[in-house]
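Letter by letter, the chains look like this.
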Amino acid sequence: MESVVLDGLLRPKSIAVIGASTDPSKIGYTVVDNIIKSGFEGPIYPINPSADEILGLKVYSSIGDCPGEVDAAVITVPAKFVLSVIEEAGKKGVKGLIIITSGFGEVGNKELEAEVVAKAHEYGMRILGPNIVGTLSNAEKLNASFAPVLPLPGKGALVSQSGALLIAMDMATFTRKVGFEKLISIGNMSDVDFADLVEWLDNDDNTSCISLYIEGFKDGRKFLNAAKKAKKPVIALKSGVSAHGAAAAASHTGSLAGAAKVYGAAFQQAGVVQATDLGNLFDLSLALSLQPAMKGDNLMVVTNGGGVGVLSADAAEKYNLPLKFAPKELQEELKKHMPPFGSAKTPADLTGMAGYDWYHDSIKAAFSHEWVDGLTVLYCETAMTNPMDIAKGIKKAIDESGVTDKPVTVSFVGGENSEKAMQWLVENHIPAYAGPDVAIHAISALREYARMKEIVNEPEEKIENVDRAKAMEIIKAAREDGRNALTEIEAKDVFRAYGLPVTTTKLSKTEDQAVELANEVGYPIVMKIVSPDILHKSDAGGVKVNIKNDEACREAYQTIMANAKAYKADANIHGVAIQEMAPWGTEVILGSVNDSTFGPTMMFGLGGIFVEVLKDVTFRVAPVSTKSAARMISEIRGAPILAGVRGEAPRDQAVLAETISRYANMIVDLADEVSESDANPVLVYEEGKGLKVVDARIILK
Ligand code: ACO
């Protein structure tokens, strides 16, 4: 449905420019000029109250006067006139508005922007912008923008939240020799957003890949859902990941949840390939727009030079696609197409003598072999060979192999002739790059894309046996008490309601009661101050461990109380928690933040010094399935510690995965209430022996 509605905006059959001008210095002139020059085949209606003719086109004083239907209207009148001109456009039956005009939400004029959207929706119109450059499409022969020319033709679409960057990237398509079918400026995203465009472009026959320059989302989950459903690759370059959210966080997780980590997790979960910088966005767009995903891990590299071969092996390891030796029979086959001093291992080194035939024959043999999942061809320009011959040999071998479901990337290192040969390869839909590492990075992105898509298609799980009513009762009581931080005992009760294994913890309000409860729980015990005003209990001298008898219990009670009062004289003290002393286990941390973009987001990592110093943690937008939780466990650097190193028994990773998944479901279930939470530490025991949440913290919204 969305897709059909956006057709009028992005694939218009007729177009008006409201605010067209006879003055060549104005945007309203440039846009009309661009639409004409780009070869648009439908009717073009310039609208201006006082002009008769612009660039040979008849001018209409109002859009209502246009003789035929108008699908899209580009708006280039100042902000204060926008509301009235879109009213006229609505009455005319225009489907989409491309609002170039600035001066709305981006300068704080949010009310006017909201009015403009409401007015457009009243007439069923959709808005691109405001505050945009416009939209450009080679297939539609339409440059409805003030960017100079249509981009170098290609197969992908590029959507940019920055207008200036879109113009710059438009021009860079020619110098970088990476073409795009479409460029779309999205600006303030008052209405049409990234998610809408991903959905529309996914159904657009002219688009093979969707590249995005993102500054931020208004609704992160809407984007994730659209990206998850996309059948075409989505590549994202996200800017502004350096200084977000880390400040003013009350929990551990809050302080660790920087935008880089949360966006990285979200993109991975949605199967979105992440570009590292602008150059990489172009490089990956080229590969993902021209080549199929790589379905397995077996990468074959064919080269004429040892140096670039070794560089490719280094890059393959760096980009998570380490090279492997091909099976014997493939090596034997490859040996037939190289001199005796060549190497049939991976990279297959045809040596500096390799010309058209050896390249052609070895590539054909490798590409059609079932072991090979993807191929990177490297070439160093030599005096013995002609780069264009090699390029033609590569193309012919690929075509003759008849294989269309495996990717190939190429790198030629050399001079102008190499450059020309690479350009020819790109024109023939084979991505070629100046550096071997870039060719490997590109093919590894095709592998990464396939890996992520497999995960995206896993079914979600629903966690059973939860007592939401109990959790809400505890939260309500704390709120009635005027608090937004739960005590440890309350937080543990909430965790328990969601089936998390927490240590037995009871609240004592007097020394005598402490002794009584200690005997109920059973020595040895841990004693901790319980006060909503003291979140960092150890810092306040509010924790005593390994209490073994009544006498030690009394002494600890007095010391903890005295320390707490000394730490914060006016602290509201509920009493002292008497807690079973859990045996030693591997410390991990589970936590959550309610991210402003993606909502409830889960963190996992090794606890103690690992989280404090190494920040060895990983994130997921919740909910998290047990399978996904198992991947979280295996992707932290400290994973071998949980898997069992140096003769140590493996930890109970199955229970840990289930606990992470339960925790993630809990934060989704309580998303309206909980802003941050930590289970820290959680002690994980040997396989079969489970785990215990030893300390708990919940901050309410
Ligand atoms: N219907 C039709 N035409 C009208 C109407 C109307 N109701 N009202 C005014 N016009 C005409 C004007 O008469 C004028 O034509 P003229 O030259 O024949 O007199 C034309 O519309 C434009 O109006 P101006 O008042 O001359 O406005 P100007 O062209 O100076 O500025 C603009 C308009 C470009 C929309 C400006 O307000 C603006 O927002 N500029 C920034 C745009 C921008 O940069 N957007 C992308 C941001 S991303 C990046 O930074 C690259």
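Residues numbered from 1 in each chain as written. Predicted model: local features only at pLDDT ≥ 70, side-chain atom pairs only at ≥ 80, totals over all residues. Heavy atoms only, no water.

Visitor: Run through the packing of aromatic side chains, naming residues and quoting values.
Guide: By the definition in use, this model includes 12 aromatic pairs. Seen from their ring centres, Phe180 and Phe282 are 6.0 Å apart, and the 65° between their planes marks the pair as edge-to-face. With Phe180 in the loop between α5 (163-176) and β11 (182-185) and Phe282 in helix α10 (residues 278-290), this pair connects stretches of sequence that are 102 residues apart. Neither Phe180 nor Phe282 differs from the other in exposure class; each is buried. The structure contains a cluster of three or more aromatic residues connected by ring pairs, namely Phe194, Phe217, Phe223, Tyr263, Phe267 and Phe598. Against the face of Tyr60 rests Lys58, its NZ or CZ located 5.1 Å from the ring centre. (Phe/Tyr/Trp six-rings, centres within 6.5 Å; stacked < 30°, edge-to-face > 60°. Helix = DSSP H or I, 4+ residues; strand = E, 2+ residues; numbered from the N terminus. Buried < 20%, exposed > 50% of the residue type's maximum accessible area, 1.4 Å probe, protein only. Lys NZ or Arg CZ within 6 Å of the ring centre and 35° of its normal.)

Visitor: Would you mind going over the site of the ligand in detail, with residue names and values included?
Guide: Neighbouring the ligand are 23 residues, the closest being Ser21, Lys26, Asn48, Ile100 and Ser102. Contact distances for the ligand include 3.0 Å between a nitrogen atom and a backbone N or O atom of Ile100. The fraction of the free accessible surface of the ligand (1000 Å²) that becomes covered by protein chains is 69%. Residue composition of the shell around the ligand, by class: 14 nonpolar, eight polar and one charged. (Near = heavy atom within 4 Å. Polar contact = N/O pair within 3.5 Å; in protein donor to acceptor, adjacent residues only side chain to side chain. Areas by Shrake-Rupley, 256 points an atom, 1.4 Å probe, with all protein chains shown as cover. Nonpolar A, V, L, I, M, F, W, Y, C, P; charged D, E, K, R; others polar.)

Visitor: Explain the environment of Tyr319 to me, using residue names and the numbers behind them.
Guide: Assignment of secondary structure puts Tyr319 in the loop between α11 (306-318) and α12 (328-335). When its relative accessible area of 22% is taken as the criterion, Tyr319 is described as partly exposed. Non-local contacts of Tyr319, meaning those with residues more than four positions away in its chain, are made with Asp437, Ile440, His441 and Ser444. (Contact = heavy atoms within 4.5 Å.)

Visitor: Account for helix α17 (residues 468-480), naming residues and giving values.
Guide: Compared with the 18 Å implied by 1.5 Å per residue over 13 residues, the 18 Å span of α17 between its first and last C-alpha is a close match. Turning to α17, its buried residues number three or more, namely Ala471, Ile474, Ile475 and Ala478. Each buried residue of α17 sits inside an arc of 95° when the element is viewed along its axis, so together they form one side. In α17, the exposed positions that point more than 90 degrees away from the buried face belong to Ala469, Glu473, Lys476 and Glu480. Structurally, α17 contributes buried residues whose contacts are with α18 (488-497) and β29 (696-700). Of the residues flanking the end of α17, it is Gly482, one or two places downstream, whose phi is positive at about 80°. (Expected span 1.5 Å × (residues − 1). Arc of directions from axis to C-beta.)

Visitor: Describe in detail the nonpolar core, supporting the description with residues and values.
Guide: Among the nonpolar cores identified, the biggest contains 78 residues, and Leu288, Met300, Tyr359, Ile363, Leu375 and Phe412 are the most heavily contacted of them. Among the elements that line this core, the one with the most residues is helix α16 (residues 436-456), at nine residues. Ignoring anything within four residues of it in the chain, the contact list for Met300 reads Ala326, Leu330, Leu334, Thr346, Ala348, Ala366, Trp371, Val372, Gly374, Leu375 and Thr376. Counting residues in each nonpolar core, the second largest holds 60 residues, with Val32, Ala157, Met189 and Phe217 among its members. (Core = buried A, V, L, I, M, F, W, Y, C linked by side-chain atoms within 4.5 Å.)

Visitor: Break down the sheet that holds strand β16 (residues 348-349) for me, citing the residues and quoting the values.
Guide: Read across the sheet, five strands follow the order β16-β15-β17-β18-β19 without closing on themselves; strand pairing throughout is parallel. Unpaired on one side and paired on the other, β16 and β19 (432-433) mark the two borders of the sheet. In the packing of helix α15 (residues 416-427) onto the sheet, contacts are made with β17 (374-380), β18 (408-413) and β19, and the angle to β18 comes to roughly 165°. (Pairing = 2+ DSSP bridges. Axes fitted to C-alpha atoms, helices over the stretch in contact; angles between N-to-C directions.)

Visitor: Give me the lowdown on the sheet that holds strand β22 (residues 543-547), citing residues and values where you can.
Guide: Strands pair in a sheet through their backbones, by hydrogen bonds, and they do so in one of two ways: parallel or antiparallel. What the four strands build is an open sheet, ordered β20-β23-β21-β22; its pairing is antiparallel. The open sheet has two free edges, formed respectively by β20 (505-508) and β22, since each of these has just one partner strand. When the angles between neighbouring strand axes are averaged without regard to direction, this sheet yields 25°. Relative to β22, strand β21 (residues 525-530) is paired through three bridges, and the arrangement is antiparallel. Within the sheet, the bridge partner assigned to Ile525 lies in β22 and is Ile547.

Visitor: Requested: an account of the pattern of salt bridges, with residues and values cited.
Guide: One pass over the full model with this rule turns up 45 salt bridges. Across the pair Glu333 and Lys336 runs a salt bridge whose closest N-O atoms are separated by 2.9 Å. Among the charged side chains, a salt-bridge network with shared partners connects Asp7, Arg11, Glu140, Glu181, Lys182 and Asp204. (Salt bridge = Lys/Arg side-chain N within 4 Å of Asp/Glu carboxyl O.)

Visitor: Which residues make up the pairing of β21, and what values do they have?
Guide: The buried count for β21 comes to six of six residues, which makes it a mostly enclosed element. Neither face of β21 is open: one carries Ile525, Met527 and Ile529, the other Val526, Lys528 and Val530, and all of them are buried. Examined bridge by bridge, β21 and strand β23 (residues 575-580) share six bridges and lie antiparallel to one another. What sits directly across from Val530, in β23, is Gly575.

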